Amino acid sequence: AAAPFTVVTELAKDTLPMFQDSKGTYWFGSRTQGLYRWDGVKGKTSDANTFAHFTTDSGLCHNVIGAIQEDKAGNLYFSTGNGISKFDGRVFTTLKLDESEPAVTEVKLGPDILWFGGGGEKPHVIFYDGTSLRKLKMPTTAAGGPCTSPHARAGPTTSAASSPRAKEREMDPRGMPRNIRSTLS
């Protein structure tokens with residue numbers, strides 16, 4: 001059976017992020033009210049001016065939506081306040097972080113890898129390779145401690161630029177963290 005939803009005429013006031021999938025459907029995440037779908041076509045959702053509204057009652061693992069992504073098969077992934085919800089077009093499933101394995105130190109990048117950030121007390125980066133959801137061990141900062149900023153980015157920062165040794169330790173010649181190997185270049 002398809003995931004149940006309610007039909008609403010407006011989005012929550014705290015709607016963010018927004019995403020257009022490969023079928024042209026628009027998805028809107030709320031910081032408190034779950035997820036909205038708008039296809040803009042009369043008859044699909046019910047009316048061109050209405051939204052399908054999905055919540056935990058529909059199968060989402062949480063009503064806080066932080067990010068939306070799509071894989072090449074058309075499955076949608078919603079980063080929530082309590083994990084990742086995958087939507088195959090009919091039902092939601094919850095992806096569980098594989099806690100039995102330690103955080104990986106290297107990931108071979110490819111077009112099928114999906115990345116998710118996690119905030120909270122200990123910000124982290126997780127990835128989904130189509131099989132399992134895993135945590136990435138983050139590179140260290142210029143001071144030698146773990147990188148814990150949810151706003152960290154690959155490439156030199158002001159402090160890294162002023163410390164060539166720190167940049168060399170953390171980044172490869174392309175500005176990528178050394179613990180990530182790319183097959184995209």
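What counts and what doesn't
Residues numbered from 1 in each chain as written. Predicted model: local features only at pLDDT ≥ 70, side-chain atom pairs only at ≥ 80, totals over all residues. Heavy atoms only, no water. Helix = DSSP H or I, 4+ residues; strand = E, 2+ residues; numbered from the N terminus. Contact = heavy atoms within 4.5 Å. Areas by Shrake-Rupley, 256 points an atom, 1.4 Å probe, with all protein chains shown as cover. Buried < 20%, exposed > 50% of the residue type's maximum accessible area, 1.4 Å probe, protein only. Polar contact = N/O pair within 3.5 Å; in protein donor to acceptor, adjacent residues only side chain to side chain. pLDDT = per-residue confidence, 0-100. Pairing = 2+ DSSP bridges. Axes fitted to C-alpha atoms, helices over the stretch in contact; angles between N-to-C directions. Salt bridge = Lys/Arg side-chain N within 4 Å of Asp/Glu carboxyl O. Phe/Tyr/Trp six-rings, centres within 6.5 Å; stacked < 30°, edge-to-face > 60°.

J.: Mind showing me how you'd approach the overall build of the protein here?
T.: Counting secondary structure elements, the protein contains 2 helices and 14 strands. Partitioning the contacts of the protein with sequence separation of at least 6, the portion at a separation of at least 24 is 47%. When the accessible surface of the protein is totalled, it reaches about 10800 Å², and 53% of it is carbon and sulfur.

J.: Would you explain the side chain of Gln69 in this entry?
T.: Among the structural elements, Gln69 can be located in strand β6 (residues 65–70). Accessibility expressed as a relative area gives 18% for Gln69, which makes it buried. A distance of 2.4 Å separates the side chain of Gln69 from the backbone oxygen of Trp115, its partner in a polar contact. What Gln69 contacts, discounting residues up to four positions off in sequence, is Phe19, Asn75, Leu76, Tyr77, Leu114, Trp115 and Phe116.

J.: Help me understand the confidence of the model for the protein, please; the structure alone is not making it clear to me.
T.: Caution applies to low-pLDDT regions: their predicted coordinates should not be interpreted in detail. For the protein, mean pLDDT is 78; residues scoring 70 or higher make up 70% of the total. Low pLDDT, under 50, characterises residues 150–176; the predicted model gives this stretch 32 contacts beyond four residues in sequence or across chains. Predicted confidence for residues 181–185 stays below pLDDT 50, and this span has 12 contacts to residues more than four positions away or in other chains.

J.: Explain the sheet that holds strand β2 (residues 15–20) to me, please; I cannot follow it from the model alone.
T.: Backbone hydrogen bonds hold the strands of a sheet together, and the pairing may be parallel or antiparallel. Taken in spatial order, the 5 strands of this open sheet run β1-β5-β4-β3-β2, and their pairing is antiparallel. Every interior strand has two partners, whereas the edge strands, β1 (6–8) and β2, have only one. Each strand axis lies, on average, 30 degrees off the axis of its neighbour in the sheet, ignoring direction. Two strands pair when backbone bridges link them, and β1 and strand β5 (residues 51–54) are joined in this way by 3 bridges, in the antiparallel orientation. Within the sheet, the bridge partner assigned to Val7 lies in β5 and is Ala52.

J.: What am I meant to see in the pairing of strand β9 (residues 92–95) here?
T.: Along any regular strand the residues' side chains alternate between the sheet's two faces. Sheet topology note: the strand β8 (residues 83–87)/β9 ladder contains 4 bridges and is antiparallel. When the bridges of β9 are listed, Ile84 appears paired with Leu95. Where β8 folds back on β9, the antiparallel hairpin that results is connected by 4 residues, among which Gly89 adopts a positive phi of roughly 100 degrees.

J.: How do you make sense of the pattern of salt bridges when you look at a structure like this?
T.: When charged atoms on two side chains of opposite charge get close, those side chains can pair. Enumeration over the complete set of coordinates arrives at 2 salt bridges. Across the pair Glu10 and Lys13 runs a salt bridge, and its minimum N-O distance is 3.9 Å. Linking Lys72 and Asp112 is a salt bridge whose minimum nitrogen-to-oxygen distance equals 3.4 Å. Taken as a pair, Lys72 in the loop between β6 and β7 (76–80) and Asp112 in the loop between β10 (107–109) and β11 (114–118) lie far apart in primary sequence, 40 residues in all.

J.: Explain the sheet that holds β9 here, please?
T.: Pairing is antiparallel across the open sheet formed by 4 strands, whose spatial order is β6-β7-β8-β9. A strand with exactly one partner marks an edge of an open sheet, and here the two such strands are β6 and β9. Along the sheet, successive strands turn relative to each other by an average axial angle of 25 degrees, direction set aside.

J.: Just to check I follow, could you spell out the packing of aromatic side chains for this structure?
T.: Under the definition given, this model contains 12 aromatic pairs. Where Trp27 meets Phe87, the ring centres are 5.7 Å apart and the plane angle is 65 degrees; that geometry is what we call edge-to-face. On the criterion of sequence distance, the pair formed by Trp27 in strand β3 (residues 26–30) and Phe87 in strand β8 is long-range, its members being 60 residues apart. Side by side, Trp27 and Phe87 carry an identical accessibility label, which is buried. On the basis of an interplanar angle of 85 degrees and a centroid distance of 6.1 Å, the ring pair of Phe28 and Phe51 is categorised as edge-to-face. With Phe28 in strand β3 and Phe51 in strand β5, the pair connects residues that are 23 residues apart, well separated along the chain.

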